[in-house]
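Here is what each chain is made of, one letter per residue.
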Amino acid sequence: MEPPLDRIKLSQTAKEQLSKLKRYTKIDQWNILCRWAFCKSLSENSTPSPVPIPADSNVEMSWRVFGGEMSDILILALKQRCHQDGLGTDKETLATQFRLHLHRGIGYLAGDPNIKKIEHLIDVAVASQTTEKESKGKR
Amino acid sequence: MIFIELVLQNFGPYMGRQVIDLRPQIHGETRPIILFGGMNGGGKTTLMDAIRLALYGPRAQCSTRGNLNYSDFLTQCVTRDSDPVEKTRIELVFEHFENDAAVELRIVRYWEANPKDGKDTLGILEGDWPRTDLTNIWDEYIENLLPLGISNLFLFDGEQVKELAEQETPPPVVVDAIQSLLGLELAERLSIDLDILVRRKQKKLASAKQLASLEEIEQKLSTSNDELDKAKQELGGLQNKLEQAHERQRDAWDKFISEGGKIAAERTQLEKEKRSLEGSLEQMRESLGELAGGSLPLVLIQPLLNDVQVQGEREAKSLQAKIARDVVKERSSRLVEYLDKLKLKPQQLDKVKFFLEQEDEALDREIGSEEDFWLSADEETLSLLANVLRHELPSQVKLAEEKLQSLEALEMEITFNERQLASAPSPEIYEQLDAALKAAQAAVVKAQADYNNGQQRCDKLGKDIEGFKKELAVYSERSIERQNDEHIIESSKKVQETLKLFKERLTLRKLNKLEVEVTDCFRYLLHKVDLVHRIAIDKQSFGLSLYNPEGQPVPKHRLSAGEKQLLAIAFLWGLARVSGRHLPVAIDTPLGRLDSSHRNNLIERYFPSASHQVILLSTDTEISKTEYEHLVEQEAIANSYLLKYQPATRKTVVEKGYFW
């Protein structure tokens, strides 16, 4: 499938935030952390604010590097989200929304005071699953 | 003392070797007199000189010596024209008692004319054995037997003896002899010796430096003793301290070994555990990191993905329907064509067409509108998604949960471990133990040093005390010595006084005795019995004073020459008796100027009892045939010799017998 953008370039702020996360989690690959940030942002119901995001850092990667094995799934998720948000699924929208989600997610993770170690990051995923199950159980 | 034998060889007029037996015995019978007859110049006096020379050597007072020195005298004694190879020789054999045993000694003197070192050669033999011990001390030895001082009174010349009586006071030589014979010179000598002793002691006292006072030394000694006691006490205290320090060091060491070791072991164990736990934690985190690198983040958007799956399936189904509708439409049109050909009733045909249109509509409905499609996902992705959602995510979550749990457990373990570590003795305590041990060791070193110092001090004090004690001992010794010296000086004065008194008394006593003896002898020898009643002897000068029976003094010049000679002989006889010494008597020219009555008295009364050995040297007029026979009658003569002078050779030969 065709990715919404070929190369992803992060903002300086995002780079700094990611650097902090790298220090905390000892994950030294930018793409993995970016994957987590993207998913984190997508898991939020609100639509990211359409703020301008500069690509002013030297951290740059291709979509395939970003997505890895899950590249296509992530494209689908992005499309679905854009559709649900009623934004359309044209390539430009997708690209914009991707950048917004990615940077918002980086901000969320870096700003989360609970994330000091790798286990805390993992716990973010496991906890969301449990809450989902719980909410399912309640239903 | 008895003279046994006289040997003359080339001595004076005696040419060749001549042996004269002087033993006062004949055929085993003891007879005192040995009679020598000789004309004037026949060698009588030389014989006397020979005896003197043999006894006293250089000290002998020989008649012909005069003022000659000894060497010249010896030369003069060598017989003229004698064989120069043969030496001049005198031998005198005598017997005396030494340690209650009779000893026979032979005095041998020999020399040649002009002796090299001015001396004769002396040898003393006991039997045939040389007595070198006596040779060296001969002068002292003979002085004990027959002192030179008194020899003149025993070996005397009748003519000389007469002078003794004529003089108002006897000459000093005779005085000395008398004193020594009476034993008076002992007191004198003692007095002189005492003076010497006193002078020596005084000198010693004067030269002895002033000693430190006894109190001072004792003071020092007692102070040092006190100090030593104190130092010893201190040393005891120090020793206790040292022992305590040692004990504390042992305790500290034990504690250090036990507790420190435990701490080290515990901590090591705990820290090892901690390290291994932290290692596993790290590993766990690494695996979590790997997990994070996988599909786990998709869990976050699971609802979204579910929606994607639903939409994707719908789109896929719609796509299939679309493909099916085209195929169906084609078949439907081909069916309509076929039915047209079949010429079915229009009604029937219309019905089939309506059915087909309805079917198409249903199909179209199923396909839906184009607007509902936005994912346009391919089949591969959808199946991947389906797989992820159904299998991968749940398993990943489960894995993550498990890992998180074990991580938590691990962390709890680490916490527990850390708590244990915190509660375990800290290195600070270990350091404290170490510090305590070091402090204890330092304390031991210091205590040891203190103890050593104390020990040294004690040793030094001990040495000091030894020194003081020694000083005290020396002081005491010296002080005693000094006291002794002082005592000697003090008492010497008293002794001197006592001696003086003693000497006076002794002199008086001895002189009294002598006076009595001399009076007895004189009156015994005198034919004028009433001439003298008492003879007094001056205790200072030993001058003789005579008193008649009326107590009036009899002046000496009123005595005849013969009487004077008798008086002298009586004096000598008395002396011999008072002195108690058993010494031979030799009398030269015994009867010089005596009348027949006095001669008879002498011959009858004096000669036989003058001594146990009486050597008489007489001319033919003195002891003439009558007197000789008289003596023979008395059985008083042991041996008689005739000194035969041969005018041709001017030599004298000793022969047995007398003039008749």
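Since the structure is predicted, the reported quantities are computational estimates derived from the model, not experimental observations.

Observations regarding the overall build of chain B
Here comes step 1: Along its length, chain B carries 16 helices and 17 strands.
Here comes step 2: Across the 660 residues of chain B, 42% fall into the buried class.
Here comes step 3: Sequence-distant contacts, at least 24 apart, represent 73% of the contacts inside chain B between residues at least 6 apart.

Side note on the nonpolar core
Residue and element names in this part refer to chain B.
Here comes step 1: Judged by nonpolar contacts, the single largest core of 109 residues is most densely connected at Phe-3, Phe-36, Leu-53, Leu-55 and Tyr-606.
Here comes step 2: Top element by residues in this core is helix α14 (residues 561-579). It accounts for 11 residues.
Here comes step 3: Not counting residues up to four positions away in its chain, the partners in contact with Phe-3 are Leu-22, Arg-23, Pro-24, Ile-51, Leu-55, Leu-92, Val-93, Phe-94, Leu-155, Pro-584, Gln-613 and Ile-615.
Here comes step 4: Among the nonpolar cores identified, the runner-up in size contains 66 residues, and Leu-291, Leu-296, Val-299 and Leu-305 belong to it.

A word on a nonpolar patch on the surface
Here comes step 1: A surface patch of nonpolar side chains, about 360 Å² in accessible area, is lined by Leu-335, Tyr-338, Leu-342 and Leu-344 of chain B.
Here comes step 2: Examined against the element boundaries, Tyr-338 of chain B turns out to sit in helix α10 (residues 302-342).

Comments concerning the confidence of the model for chain B
Here comes step 1: Considering every residue of chain B, the mean pLDDT works out to 83; 98% of them sit at 70 or more.
Here comes step 2: ipTM for the predicted complex: 0.91, alongside a pTM of 0.48.

Structural notes on helix α1 (residues 12-25) of chain A
All names here are of chain A.
Here comes step 1: Along its 14 residues, α1 runs 20 Å from first to last C-alpha, staying within 8% of the 20 Å computed at 1.5 Å per residue.
Here comes step 2: All of the buried residues along α1 are Ala-14, Lys-15, Leu-18, Leu-21 and Thr-25. For α1, the angular spread of the buried residues around the axis is 120 degrees, confining them to a single face. Opposite the buried face of α1, by more than 90 degrees, sit the exposed residues Glu-16 and Arg-23.

Let's talk about the sheet that holds strand β13 (residues 553-554) of chain B
Residue and element names in this part refer to chain B.
Here comes step 1: Ordered in space as β11-β12-β13, the three strands form an open sheet in which the pairing is antiparallel. Only two strands of the sheet have a single neighbouring strand rather than two, namely β11 (534-537) and β13.
Here comes step 2: Of the strand pairs in this sheet, β11 and strand β12 (residues 544-547) are connected by four bridges, and their pairing is antiparallel. Opposite Ala-536, over in β12, you have Ser-545 as the bridge partner.

Examining the pairing of strand β14 (residues 585-588) of chain B
All names here are of chain B.
Here comes step 1: On β14, burial covers both faces: Val-585 and Ile-587 on one face and Ala-586 and Asp-588 on the other are all buried.
Here comes step 2: Here strand β10 (residues 155-157) runs beside β14; their pairing, made up of three bridges, is parallel. Looking at the pairing, Leu-155 lines up with Ala-586 of β14.
Here comes step 3: The sheet contact formed by β14 and strand β15 (residues 614-618) spans four bridges and is parallel. By the bridge assignment, Ile-587 is partnered in β15 with Leu-616.

Here we look at unusual backbone geometry
Residue and element names in this part refer to chain B.
Here comes step 1: Phi angles above zero are rare outside glycine, and Asn-99 is one such case at about 50 degrees.
Here comes step 2: Counting through the fold element by element, Asn-99 comes out in the loop between β6 (88-98) and β7 (101-111).
Here comes step 3: One non-glycine residue, Asp-100, lies in the positive phi region at around 65 degrees.
Here comes step 4: Note on placement: Asp-100 falls in the loop between β6 and β7.

Parameters and conventions
- Residues numbered from 1 in each chain as written.
- Chains lettered and ligands numbered in written order.
- Predicted model: local features only at pLDDT ≥ 70, side-chain atom pairs only at ≥ 80, totals over all residues.
- Heavy atoms only, no water.
- Helix = DSSP H or I, 4+ residues; strand = E, 2+ residues; numbered from the N terminus.
- Buried < 20%, exposed > 50% of the residue type's maximum accessible area, 1.4 Å probe, protein only.
- Contact = heavy atoms within 4.5 Å.
- Core = buried A, V, L, I, M, F, W, Y, C linked by side-chain atoms within 4.5 Å.
- Patch = residues over 30% accessible without salt bridge, like charges linked within 9 Å, V, L, I, M, F, W, Y side chains within 5 Å.
- Areas by Shrake-Rupley, 256 points an atom, 1.4 Å probe, with all protein chains shown as cover.
- Salt bridge = Lys/Arg side-chain N within 4 Å of Asp/Glu carboxyl O.
- pLDDT = per-residue confidence, 0-100.
- Expected span 1.5 Å × (residues − 1).
- Arc of directions from axis to C-beta.
- Pairing = 2+ DSSP bridges.

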